[in-house]
Amino acid sequence: MTPIEKKLYDRSGSVCEISRDTEDLVVYTVVPKTIESLENSILISKKLKDQIENPETTDPNDWRGLSDSMWSEHLPVQIVSWRMLARLKNFDLRDMMYFDDDSLAWAKATGDGEEDESKIIHKDCNGNILNDGDSVVLIKDLDVKGANFTAKRGAAVHNIKLVWDNADQIEGRVEGQHIVILTQYVKKTK
């Protein structure tokens, strides 16, 4: 167990900070934050984490704990609660929450709760919607600036991260290098 996991287990009392489940707990760093810490991460059941990362699998029955977790004293728990209330279109509860400007910007960073026309949606070269954690394949050779190598056509990029403020960019690892890739040069794999 990492030191952050231990601290999150201590903070939460060894339960999911959203559902209060005790099984299959994992650390989830609330995007766009990337560093695991008490200020950026929550302890959550794997089932809920998977639903956060794959919105099409969201089951409202699994999120009944939101009416309690939204009042958590820990900001990352509040952020996830706000986003999921927005995704589930429970605006009555969501609108009861208050954030300062920076926290509200963090909550809105994924586009959950925004009107569809203003939400940033990442699409591959074929128009398929991309999500965090997807795998893609490069459709052309790409010269990587500053890294002195060419990412070859057909190279697989696993576990991509979306650039939340730019629908045309994703991040991923190619040949051990963390790079930014334009979505027009990738194709989503199943």
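What comes next concerns the included structure. (Residues numbered from 1 in each chain as written. Predicted model: local features only at pLDDT ≥ 70, side-chain atom pairs only at ≥ 80, totals over all residues. Heavy atoms only, no water.)

For the rest of this paragraph, the subject is the pattern of salt bridges. The tally for this structure, following the rule as stated, stands at seven salt bridges. For the salt bridge of Lys47 with Asp62, the shortest nitrogen-to-oxygen distance reads 3.3 Å. Highlighted residues: Lys47 in helix 2 (residues 46–53) and Asp62 in the loop between helix 2 and helix 3 (66–69), separated in sequence by 15 residues. Lys49 serves as the salt-bridge partner of Glu53, at 3.1 Å between the closest nitrogen and oxygen. Here the residue Glu53 and the residue Lys49 both occupy positions in helix 2, the gap between them amounting to four residues, near one helical turn. (Salt bridge = Lys/Arg side-chain N within 4 Å of Asp/Glu carboxyl O. Helix = DSSP H or I, 4+ residues; strand = E, 2+ residues; numbered from the N terminus.)

Turning our eyes to something else, we now look at helix 4 (residues 75–87). The terminal C-alpha atoms of helix 4 lie 18 Å apart, and with 13 residues this matches the ideal 18 Å at 1.5 Å per residue to within 8%. Most of helix 4 is tucked away: 12 of the 13 residues are buried. If you check which residues of helix 4 are buried, you get Pro76, Val77, Gln78, Ile79, Val80, Ser81, Trp82, Arg83, Met84, Leu85, Ala86 and Arg87. Just past helix 4, the residue Lys89 takes up positive phi, approximately 60 degrees. (Expected span 1.5 Å × (residues − 1). Buried < 20%, exposed > 50% of the residue type's maximum accessible area, 1.4 Å probe, protein only.)

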